Structure formats: C-alpha cells, structure tokens
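So the chains spell out like this:
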Amino acid sequence: MTQKRDVVVIGGGVIGVCAAYYLQRAGRRVTLLEQGEIGSGSSHGNAGWIVPSHSVPLAEPGAILRGLRWMFNPKSPFYIKPRIDFDLFRWLLHFRAAANSRAVQRTVPVALELSRMSLALYEDLVAREELDCGFAKSGLLGIYRTSRGWEDALEQARLLSEFGIPSQILNAAEVVRMEPNARDDTTGGVFFEGDANVRPGAFVRELALRLYESGCEIRTNTEVLGFDVSSGRITSIRTSDEEYTVDTVVLAAGAWSPRVVKELGLRLPVQPAKGYSITFESPGEPLKQPLMLAEARIGATPFGQQLRLAGTLELSGINLNVRGRRVNAIREAMAEYLTYDISPREENVWVGMRPLSPDGLPLIGRVGNPSNLVVATGHSMTGMTQGPATGMLVSQIVLGKPTDIDIEPMSPLRFSGGAAHA
Ligand SMILES: Cc1cc2nc3c(=O)[nH]c(=O)nc-3n(C[C@H](O)[C@H](O)[C@H](O)COP(=O)(O)OP(=O)(O)OC[C@H]3O[C@@H](n4cnc5c(N)ncnc54)[C@H](O)[C@@H]3O)c2cc1C
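Asker: Before we move on, could you go through the domain arrangement of the protein and cite the residues and values that matter?
Answerer: For the protein, the assigned domains are domain 1 (5-44 + 202-266 + 360-410) and domain 2 (58-109 + 134-196 + 271-356). Here domain 1 and domain 2 have C-alpha centroids that lie 28 Å from each other. Facing 14 residues of domain 1, the contacting portion of domain 2 comprises 13 residues. Summed over the three residues of domain 1 that lose the most area to domain 2, namely Ser42, Ala255 and Met381, the buried surface amounts to 39% of that side. At the junction of domain 1 with domain 2, the criterion picks out 1 salt bridge. Residue Lys262 is joined to Asp87 by a salt bridge in which the shortest nitrogen-to-oxygen separation is 3.9 Å. Put simply, domain 1 and domain 2 have 2 residue pairs in polar contact (both at pLDDT 80 or more) between them. Tallied by class, residues from the side of domain 1 that touches domain 2 come to 4 nonpolar, 8 polar and 2 charged.

Below, the structure written as structure tokens:
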C-alpha cells in the first residue's frame, strides 16, 4: 500500500484528462489511471468536431423506426447485434422513453449550454497551454442528397435557431461554392458557422503532457480492477499495478464505466457504441472545412493533407472487431457526396467505442453512495465537444463549489428515480 492519493481519475480519454486538468489547476493533487495509453479509447481517431450544432440527441421522434429499418441493411450506419443482454434491453427502454419531442425540447438546451461552455473553454485552454492540436473555428457544412434528409435538416436547423444556433441554408450550387469537392447533384446543405474542430488525439496527448509537466501523477497501463469500500466511501482502488488509498474518485472510463463500477452495485445506463474511422491522404484538394455527409451519417474532417472519414454506430457490446463491410460502406458513401475517387489506397482504420447514454446527455455528478465517487461519462457522440466543460464541472463538484451550469438534468441518478443501484 502506498501513500494516500487525493483525487484519482479513472480513464485517460478526453473526459479524464480535462477533469484532471481543472482539478489540478484548482489546487488538488491528481493521479490519473489509464489501462492502456493516454487517448487509447474513443478520444483518438474520432472526427474531432466541436459542435454545439449537434445538440439534438439520437433519441428523437422517428429514431426507433429508422433504427429498425437500418438493422436489416448491412451497409447502413446503424447495427444492433442480436443477443440476450439485460443491460442493453434496459438501455433500449430508456432510449424509447426519451425518443419524443417533449423530451427532446428538454434535452437540447442542456446539451447546448454544455457544448457552448466547452467551446469557450477550448479557446482559452488551447491558447493558455499553447496546445499544438489544430484547433480551428471553421464551421461545419452538412450536405444532403435526399429530399427526406433535407426536410429533416431544415426542421433541425429551425429547432436549433430557436435556441440561438444560426445556420445558413444552401442550394446545391452554393454547396459547391463553399466546398469545391462536393458533387453538384446534391439536394442542398446547411452550414453551422459557430462550430469548430481539433485533432482529437493531439489535443488529449498535449493536455496530458502539460498535466504531467505540472506534477500530475499519470499511470498508464494500469487497469482498475476493483474498490474497497468502508462506511459508504471508497477507501482504496485495486489495480493491475498496485493498490491506491484515495480521498476522492472520478470515474471517466468512457464505454467501460459501467463495467468498472459494477462491483459497487452501480448500474450506469451507458452502452458501448462502436464506430470506425479511416484516415488517408486526401484524394484531391483538401476539404475547406469539416463536412457531415448527412444521410450516410459520416463525418469528413480535413487534417492538413489527410482526410478522415468517421461513422457507423454498432451496439455490439465491448469489442474492437472491425467489420469490413461497414468500413467499405463508409468509403463508398463518400463518393455519393464528393468528387473524390475511392480507389484503394493506404489507409489507417481505427475503431472506437462511444459511451452512449439513452437520452443523449452525459452522466455528470455524484452517485450518493459511495459518497466520494463522481461520475463523468455517457458523452455519446459529443464527448470531444463537451470534454473541457465536463472537466470544469467535475472540478467544481469535487471542490463543493456551485457549478457554472445546472447539472441536475445530467444527474447519473436520473434514470432510476434517484438511485443508480442495482
Ligand atoms: C467514429 C467516432 C467519431 C466521433 N466523432 C466525434 C466528434 O467529431 N466530436 C465529438 O464531440 N465526439 C465524437 N465522438 C465521440 C467521442 O469520441 C466520445 O464521446 C469521447 O471520446 C468519450 O471520451 P471518454 O473520455 O469518455 O472515453 P474514452 O476516450 O474512451 O476514454 C476512456 C478511457 O478509460 C480507460 N479505461 C477503461 N477502463 C479502465 C480501467 N478499468 N482502468 C483504467 N482505465 C480504464 C480506457 O482505456 C480509455 O482510454 C466520436 C466517436 C466515434 C467512435
């Protein structure tokens, strides 16, 4: 047994690293435990969008029907592996309960507030720490091919404008003017000028480096295996390396979070949602800004001369198996929106697991019992976007200060009527 740690953060993804950063800046002594390398979870090969415009959750009216249709198409952007899994079943029930317009009206402003706070913190953080991570406020252009997709897009743009997110509606010719690599036979586009992007792996690594330089204890290749609890508090954490006695614990283990705290009797409704990205040399002039190839649910982000395509959502449990057909579908879908040719080229295929919450809002806050555990997970499709704001909120919760925004709607206890326990 070693000396007692002050705050131990579990997970070295964008959420864990940002939480550690703001805790350390607030004067706490932080230890960060990561089972692999920093950023080896979902925070590395993602599309890198920082997108307040993505505040409409996956659980919206129509999502269930669309999901069922996609289930039977091997090239679709969505898949649920059929299996007997009670956690998945419970998660789907929560999802169904959230997929209605009243719930969406409640969710959007909360997600928006968190994402806007985060974007402001990104600007401050990148400048203050001189992070070399390609942060740019280039906006996001959504491109649509079908009249149905286009109608949905206009409806979403209208909803977002009610919440103060402006957008420009473009016809096909205007889309090509804004993005010369776009095909000229699309239905139209929506441009969100307030969005930004970052090289996700570089952001997380650079911030972790600054943390290390300022005295944070970072233990990689250290897997958390369990906890010792006494009088309703976690007293120590058992790991693959050693046992750490602790004062406060922050759970930021992404899609693994429910598994990590299962032995505490906590049931967090977070499902691993696998996605892929392919990164390769841009097949032509680099894109002018990140694009959403809308109906295909694919993100295309330029990183200098490189292009990254990211997409698909598979609910198939914790696994990093690559399904070749879905990766091919991403590549083929690109050609429906862009004039780039798709002949085989050297590429880097990446798999990540989003921590998917049923209603699209993250789970941030204390769970009551154990009283010294703070949860920060379930960021779904917008963990990169919401990382810095989540980190700031976690530090305020740990310090017992008022939080900058109301965290009640993000309570980890909201799905179980107050108790997250099994
Ligand atoms: C294809 C794809 C594209 C995406 N694009 C975007 C985007 O453009 N914008 C956006 O905002 N979001 C995007 N996301 C979502 C975003 O990647 C996630 O929401 C975010 O990375 C979650 O961060 P995290 O820190 O919670 O989890 P992770 O990054 O997964 O970090 C959790 C860490 O915990 C560690 N860990 C797990 N168990 C243990 C243990 N027992 N002991 C110690 N360590 C442990 C893991 O190794 C991991 O490193 C995308 C996701 C995917 C898959």
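Asker: Outline unusual backbone geometry, listing residues and values.
Answerer: For the bond running from Asn369 to Pro370, omega is 0°, close enough to zero to count as cis. A positive phi angle, close to 50°, is found at Glu130, a residue other than glycine. Position of Glu130 relative to the elements: it lies in the loop between helix H4 (101-128) and strand S5 (140-144). Even without a glycine there, the phi angle at Arg297 is positive, about 55°. The topology assignment puts Arg297 in the loop between strand S14 (291-293) and strand S15 (298-303). The exposure class of Arg297 is partly exposed, given its relative accessible area of 40%.

Asker: So what about the packing of helix H1 (residues 14-25) against H4? Which residues, and what values?
Answerer: For any two helices packed against each other, one specifies the inter-axial angle together with the distance between the axes. Between H1 and H4, whose axes approach to 14 Å, the crossing angle comes to 70°. When the axes of H1 and H4 are compared, the pair comes out roughly perpendicular. Listed contacts from H4 to Val14, Tyr21, Tyr22 and Arg25 of H1 are Leu121, Tyr122, Asp124, Leu125 and Arg128. Across the contact of H1 with H4, the residue classes tally to 6 nonpolar, no polar and 3 charged.

Scoring rules and cut-offs
Residues numbered from 1 in each chain as written. Predicted model: local features only at pLDDT ≥ 70, side-chain atom pairs only at ≥ 80, totals over all residues. Heavy atoms only, no water. Domains from an automatic or database assignment. Contact = heavy atoms within 4.5 Å. Buried area = accessible area lost by both parts, 1.4 Å probe. Salt bridge = Lys/Arg side-chain N within 4 Å of Asp/Glu carboxyl O. Polar contact = N/O pair within 3.5 Å; in protein donor to acceptor, adjacent residues only side chain to side chain. Nonpolar A, V, L, I, M, F, W, Y, C, P; charged D, E, K, R; others polar. Helix = DSSP H or I, 4+ residues; strand = E, 2+ residues; numbered from the N terminus. Buried < 20%, exposed > 50% of the residue type's maximum accessible area, 1.4 Å probe, protein only. Axes fitted to C-alpha atoms, helices over the stretch in contact; angles between N-to-C directions. Parallel < 35°, antiparallel > 145°, perpendicular 65-115°, else oblique.

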